[in-house]
Amino acid sequence: MKRHLLATVAIGVLLLAGCVSTGDSEPQASQEAQTSQSPQESSQSTPASEAEEIVEELGETSDGDTTAGTVQEPSEAIGSTKENVETSASSLSTLIESLEVAGETPSGYDRDLFKHWVDADGDGCNAREEVLIAESLKKVTVGSGCSISGGEWVSAFDLVVTSNPSNFDVDHFVPLKEAWDSGASGWDSATRQAFANDLGFEMSLIAVSASSNRSKSDRDPADWLPPNADYRCEYAVAWAQVKSRWSLSIDPKEKVTLLGLADECGNTPLEFNPKAPVGQESPPAASKTPSPTPTPSPSKTASPSPTPTPTPTQTQAASACQPGQVDINIASIEELMRIKHISDVRAPLVVSARPYTSIDQLTRVKGIAAGRLADIKAQGIACVG
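Caption draft 1: Spatial organisation of helix H10 (residues 252-264). In this model, H10 (13 residues) spans 19 Å end to end at C-alpha, consistent with the 18 Å of a helix rising 1.5 Å per residue. Taken together, the buried positions of H10 are occupied by Glu-254, Lys-255, Leu-258, Leu-261 and Ala-262. Axial view of H10: buried residues confined to an arc of 130°, hence all on one face. Counted as exposed and oriented over 90 degrees from the buried face of H10: Pro-252, Lys-253, Val-256, Asp-263 and Glu-264. Here the buried face of H10 lies against helix H4 (92-98), helix H6 (176-181) and helix H9 (232-245). A side-chain oxygen of the first residue of H10 lies 3.2 Å from the backbone nitrogen of Lys-253; this N-cap is Asp-251. Among the residues trailing H10, Gly-266 stands out with phi positive, at a value near 90°.

Caption draft 2: Summary view of the pattern of salt bridges. Scanning all chains against the criterion turns up 10 salt bridges. Of the charged contacts, one joins Lys-243 and Glu-178 as a salt bridge, the two residues approaching to 2.6 Å between their closest N and O atoms. Separated by 65 residues along the polypeptide, Lys-243 in helix H9 and Glu-178 in helix H6 bring together distant segments of the chain. Here the two residues Lys-243 and Glu-178 agree in accessibility, since each one is buried. For the salt bridge of Asp-360 with Lys-377, the shortest nitrogen-to-oxygen distance reads 2.3 Å. Taken as a pair, Asp-360 in the loop between helix H12 (346-352) and helix H13 (370-379) and Lys-377 in helix H13 lie far apart in primary sequence, 17 residues in all. What makes Lys-377 partly exposed here is its relative accessible area of 45%.

Caption draft 3: Main features of empty space enclosed by the protein. Applying the stated criterion across every chain yields a total of 1 cavity of 30 Å³ or more. Taken as a whole, the largest cavity spans an internal volume of roughly 30 Å³. His-172, Phe-173, Val-174, Phe-195, Ser-204, Leu-205 and Val-242 are the residues that line the largest cavity. Considering only residue class, the lining of the largest cavity consists of 5 nonpolar, 2 polar and no charged.

Caption draft 4: Structural context of unusual backbone geometry. Looking along the chain, the bond that leaves His-116 and enters Trp-117 is cis, with omega of -5°. Within the secondary structure layout, Trp-117 lies in the loop between H4 and helix H5 (127-135). Cis geometry marks the peptide bond from Arg-354 to Pro-355; its omega dihedral reads 0°. Relative to the assigned elements, Pro-355 resides in the loop between H12 and H13. In this structure, Cys-146 takes a positive phi of about 60° despite not being glycine. Here Cys-146 lies in the loop between strand E2 (141-142) and strand E3 (148-149). For His-341, which is not a glycine, the phi torsion comes out positive at approximately 75°. For His-341, the position within the fold is in the loop between helix H11 (333-336) and H12.

Rules and cut-offs
Residues numbered from 1 in each chain as written. Predicted model: local features only at pLDDT ≥ 70, side-chain atom pairs only at ≥ 80, totals over all residues. Heavy atoms only, no water. Helix = DSSP H or I, 4+ residues; strand = E, 2+ residues; numbered from the N terminus. Expected span 1.5 Å × (residues − 1). Buried < 20%, exposed > 50% of the residue type's maximum accessible area, 1.4 Å probe, protein only. Arc of directions from axis to C-beta. Contact = heavy atoms within 4.5 Å. Polar contact = N/O pair within 3.5 Å; in protein donor to acceptor, adjacent residues only side chain to side chain. Salt bridge = Lys/Arg side-chain N within 4 Å of Asp/Glu carboxyl O. 1 Å grid on protein atoms, 1.4 Å probe; cavity = no way out; pocket = protein on both sides within 12 Å on 5 of 7 lines; lining within 4 Å. Points joined across faces, edges and corners; volume = space filled by probe spheres on them. Nonpolar A, V, L, I, M, F, W, Y, C, P; charged D, E, K, R; others polar.

Here's what the structure looks like:
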């Protein structure tokens, strides 16, 4: 899908260059300046003759032949195992509706928690280099240390074209921080690494101009869309697919924006199946409190027989929980799952972190940060007895 998209973009660049050349007799340099529609224009724009060469190369190169000579095929080692769960959606809006809607948890993010770029298959090229090899519109040659030469790349975000791979970034389609805020904070380190180097789904990583990647930063579609308006439908599809693949949530504003794009784009059927396995981080082992050493009873001394003192009747301390509420200190897994954001995955973690002296201590549980804690309190059924 991505290669066909890049071919379409290249043809668009060619048509744009052709229109300029037939309607204007200005020098070639003036024509080149109009090939990019980005607000931040690049000096690596491709003239019409070069765009024709790109189209010719695409016609000569099959999907399985992206390199020449000693070139290595792009890897699909990460996130493409046979254990992947198959899912399906009949349309973009159906896929969007299938995503969990939840507030984000924007605390604790550290880019270093997502190890990248890695060479998972040991072929000498890391994930970033594999993406550049796969997305080049011309055959590339790979030298020692995975040095790449002879390629041509077009940024789908803003139509900037370059022959120097150093000018482009490889973008995490769903940014690392956005992933963290949407569920990756509860992942184990292996899952975060797999997400950051995902070659198992072609839209997870994409080569784009450095300026467009900086402009996007860690924003979701509610706050940023590509300057290239013709790419926005594909952008919405890819965004929803990556979120679905990695079981990430969307926030309410993000959902509204995506559904709006689905309506505008015609909501065509999707060709998408793979769902990546996600591992949750194990909770810290509960420390055992040592049993107190019995204190020897003092020896009894004879004393006058005292008047027996009646033993007061013991009464149970008043509980802070009301009928219908869930006491997080004693509730079963099933009862805990009545509380918002406490799923069948988090409920055992809640149990292992007992006892609690207040609802605020639920932040001990992985995946429950300030935002979700506020939702739990607002629901009003969680209590500490």
